[in-house]
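# Structural description and commentary
Residues per chain, in single letters:
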Amino acid sequence: MAVKVLIPTPLRNLTNNQAEVSAEGNSISEIIDNLSKNHNGLRDRLVDENGKVRRFVNVYLNEEDIRFLQGEGTAVKAGDTISIVPAIAGGK
Amino acid sequence: MSYVKALKCRECGQEYEKVAKYVCEFCFGPLEAAYDYDKIKKDISREKIAARPLNIWRYRELLPVEGTNYNTLEEGYTPLIKADRLGKELGLKNLYVKNDCANPTHSFKDRVVAVASTRALELGFDTLSCASTGNLANAVAAYGARGGMKRYVFIPSNLEKGKVIASLIYDPKLIGVNGNYDDVNRLCSEIAGKYKWAFVNINMRPYYAEGSKTLGFETAEQLGWKAPDQVVVPMASGSLLTKIWKGTQEFIKVGLIADKKMRMFGAQATGCSPITTAYKAKTDTFRPVKPNTIAKSLAIGNPADGYYALKTINESNGGAEMASDEEIVEGIKLLARTEGIFAETAGGVTVACLKKLAESGALDPDAVTVAYITGTGLKTQEAVADHLNQVQVIQPNLEAFEATQLTAVS
């Protein structure tokens with residue numbers, strides 16, 4: 001199943017400057033694994049050696065943080081949008 | 001002339017040019033300004049600083065801008081008040097309150113926005129923007145106006161009216177987003193990727209965040225060039241706590257003050273306490289939360305600097321506490337009643353947590369203690385309006401007055 005993945009500026013050098021790419025998979029971790037097929041190196045930027053999303057990376061499925069869902073195992077379906085967003089400071 | 005050598009990744013050490021960039025392309029770690037401390041040590045002195053105007057730019061060597069054409073409203077050098085009455089109530093013998101309500105837009109955000117907007121102008125940006133819980137919106141709207149810039153300000157749509165008006169007056173494009181701060185933040189990071197604007201807390205973050213160090217600098221200078229023993233700081237993203245620590249360490253590093261083991265204590269609202277919760281659970285893994293607290297300026301459920309704040313708290317042998325909405329209101333009232341300072345809800349969190357930390361014995365009652373009040377209560381009047389004594393209305397004659405007072409006394 002194809003979903004839309006929004007790519008943040010710091011990673012666009014790996015996607016030919018595309019802000020949006022499409023990827024196949026049934027879960028967040030499958031999507032992340034498959035992203036590297038077309039965009040070499042992308043996976044390693046997003047997850048650590050154990051396949052866990054890195055500390056300073058936030059992943060959202062249709063605007064919901066996957067940590068509120070089932071984390072990397074969260075199921076995705078056709079038409080979903082996944083956003084990858086670096087952590088941002090604000091407030092105090 | 002700048003003493004900043006480069007932007008450097010806090011995680012992997014990769015260096016970048018001093019542009020509007022905030023995240024490491026290799027590991028996604030946050031970028032931070034890296035200074036030439038040896039050179040600063042040679043060039044800086046107490047006398048030099050003391051001779052300069054009373055604003056944050058007196059510490060210019062340790063701020064990440066190139067020139068001296070500051071975009072300023074004379075922010076900083078706010079009062080550090082010896083708080084004996086509050087201290088007596090809490091059993092703290094050497095308590096000080098750093099009153100950052102006394103800034104141009106009435107919160108500590110003027111420090112960070114002065115630095116970010118100055119750097120944004122140096123880099124040639126014509127638009128200043130931010131995702132904000134309110135205080136930052138006010139500061140960006142004001143400093144953007146001061147710098148002759150266009151302003152796009154994004155806030156959660158449910159923000160306190162006082163904070164909305166205090167932004168609108170400067171005539172920015174103010175966009176209320178249906179969602180909480182974390183939603184606003186996510187949207188803004190997508191907007192920042194597309195538009196060439198200076199988002200003070202996104203692509204300008206390495207410069208912006210450095211402004212908070214000035215709270216640490218001033219505290220040390222105002223205490224007679226000495227770091228305090230222990231401090232209590234409100235936490236949302238956790239950035240402020242880490243920067244007060246960093247500023248104090250820099251003062252030690254460049255020889256302005258003696259080395260000291262300062263203990264860092266963080267304060268959060270119970271309805272949004274991912275950092276305090278992680279501290280109490282002795283873990284460094286954060287679980288983001290959906291905020292539910294009257295302290296909206298601290299309502300960040302996904303704390304970007306939480307990891308570093310926690311590390312600083314632990315390494316400094318400090319601690320963390322949290323306060324309920326009721327305790328926050330009591331904290332605001334306590335500070336106002338004892339010291340004459342009207343703090344916003346975040347200040348209520350600080351005072352309530354200060355009280356808890358004093359009561360539990362986590363704070364040393366004899367040590368020099370500083371509590372940071374970061375914004376004014378005039379912006380969040382809704383929070384306390386229903387918890388105050390009412391006005392006594394009388395006829396304009398002496399009998400009526402005395403009758404009311406006798407009733408009140410009896």
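Notes on the structure follow. (Residues numbered from 1 in each chain as written. Chains lettered and ligands numbered in written order. Predicted model: local features only at pLDDT ≥ 70, side-chain atom pairs only at ≥ 80, totals over all residues.)

### Details of the overall build of chain B
- Along its length, chain B carries 16 helices and 13 strands.
- For a compact globule of 410 residues, the expected C-alpha radius of gyration is about 22 Å, and chain B comes in at 21 Å, within 12% of that figure.
- Taking all 410 residues of chain B together, 60% fall into the buried category.
- Long-range pairs, those at least 24 residues apart, make up 70% of the contacts in chain B with a sequence separation of at least 6. (Helix = DSSP H or I, 4+ residues; strand = E, 2+ residues; numbered from the N terminus. Rg over C-alpha atoms; globule rule 2.2 N^0.38 Å. Buried ≥ 20, exposed ≤ 12 C-beta atoms within 10 Å, placed from the backbone. Contact = placed C-beta atoms within 7 Å.)

### Quick notes on the overall build of chain A
- Of the regular secondary structure elements, chain A holds two helices and five strands.
- Going from the N terminus to the C terminus, chain A shows its helices and strands as β-β-α-α-β-β-β.
- Taken over C-alpha atoms, the radius of gyration comes to 12 Å for chain A, in line with the 12 Å a tight globule of 92 residues would show.
- Dimensions of chain A, computed from C-alpha atoms along their principal axes, come out at roughly 40 × 30 × 25 Å.
- For chain A, with 92 residues in total, the buried portion stands at 38%.
- Within chain A, residue pairs in contact and separated by at least 24 positions form 49% of the contacts whose partners lie at least 6 positions apart.

### Considerations on helix α13 (residues 325-339) of chain B
Residues and elements named next belong to chain B.
- Given a rise of 1.5 Å per residue, 15 residues ought to cover 21 Å, and the 21 Å separating the end C-alpha atoms of α13 matches this to within 8%.
- Listed in full, the buried residues belonging to α13 are Glu327, Ile328, Val329, Gly331, Ile332, Leu334, Leu335 and Glu339.
- Two residues or fewer past α13, Gly340 is found with a positive phi of approximately 75°. (Expected span 1.5 Å × (residues − 1).)

### Description of the sheet that holds strand β6 (residues 127-131) of chain B
Residue and element names in this part refer to chain B.
- With respect to topology, four strands assemble into an open sheet ordered β8-β7-β6-β9, the strand pairing being parallel. Since the sheet does not close on itself, it has two edges, and those belong to β8 (173-177) and β9 (198-199), each with one partner.
- Inspection of the sheet shows β6 paired to β9 by two bridges, in the parallel sense. In the sheet register, Ser129 faces β9, and the bridge partner there is Phe199. (Pairing = 2+ DSSP bridges.)

### A few points about the packing of helix α10 (residues 239-253) of chain B against helix α12 (residues 306-315) of chain B
Residue and element names in this part refer to chain B.
- Axis separation between α10 and α12 bottoms out at 8 Å; the angle between their running directions is 50°. When the axis of α10 is compared with that of α12, the two are oblique. Two packed elements cross with a definite hand, and for α10 against α12 that hand is left-handed. Taking contact as the criterion, the partners of Leu241, Thr242 and Trp245 in α10 are, on α12, Tyr308, Ala309 and Thr312. (Axes fitted to C-alpha atoms, helices over the stretch in contact; angles between N-to-C directions. Parallel < 35°, antiparallel > 145°, perpendicular 65-115°, else oblique. Left-handed = near helix turned anticlockwise from the far one by under 90°.)

### Considerations on unusual backbone geometry
- For Asn17 of chain A, which is not glycine, the phi dihedral falls at a positive 65°.
- Residue placement: Asn17 of chain A occurs in the loop between β1 (2-6) and β2 (20-24).
- C-beta crowding within 10 Å serves as the criterion here: with 9 such atoms nearby, Asn17 of chain A is assigned to the exposed category.
- One non-glycine residue, Lys282 of chain B, lies in the positive phi region at around 55°.

### Quick look at helix α5 (residues 135-146) of chain B
All names here are of chain B.
- Over its 12 residues, α5 runs 17 Å from end to end, which matches the ideal 16 Å to within 8%, given 1.5 Å per residue.
- Turning to α5, its buried residues number three or more, namely Asn135, Leu136, Ala137, Asn138, Ala139, Val140, Ala141, Ala142, Tyr143 and Gly144.
- Just past α5, the residue Gly148 takes up positive phi, approximately 70°.

### Looking at the sheet that holds strand β13 (residues 368-373) of chain B
Residue and element names in this part refer to chain B.
- If you walk across this open sheet you meet the six strands as β4-β5-β13-β10-β11-β12, and the pairing is mixed. Looking at the sheet topology across the chains shown, the edges are occupied by β4 (80-82) and β12 (319-323). For this sheet the average axis-to-axis angle between neighbouring strands, irrespective of direction, equals 25°.
- Pairing analysis gives five bridges linking strand β11 (residues 263-269) to β12, with the strands arranged parallel. The residue bridging Gln268 from the neighbouring strand is Met322, located in β12.
- Running at roughly 100° to β12, α13 makes contact with β4, β5 (94-99), β11 and β12 of the sheet.

### A word on the interface of chain B and chain A
- The interface of chain B with chain A comprises 37 residues on the first partner and 24 residues on the second.
- Secondary structure elements with two or more residues in the side of chain B that touches chain A: α7 (181-194) and α10 of chain B.
- It is α7 of chain B that contributes the most residues to the side of chain B that touches chain A, six residues altogether.
- Here the side of chain B that touches chain A is built from residues that sort into 19 nonpolar, 12 polar and six charged. (Nonpolar A, V, L, I, M, F, W, Y, C, P; charged D, E, K, R; others polar.)

### Let's talk about the pairing of β1 of chain A
All names here are of chain A.
- What you see with β1 is a clean split: Val3 and Val5 sit on the buried side and Ala2, Lys4 and Leu6 on the side with no burial.
- Looking at chain direction, β1 and β2 are connected through five bridges and run antiparallel. Its bridge partner lying in β2, Leu6 is registered against Glu20.
- In this structure, β1 lies alongside strand β5 (residues 81-86), joined through three bridges in parallel fashion. Along β5, the bridge assignment pairs Leu6 with Ser83.

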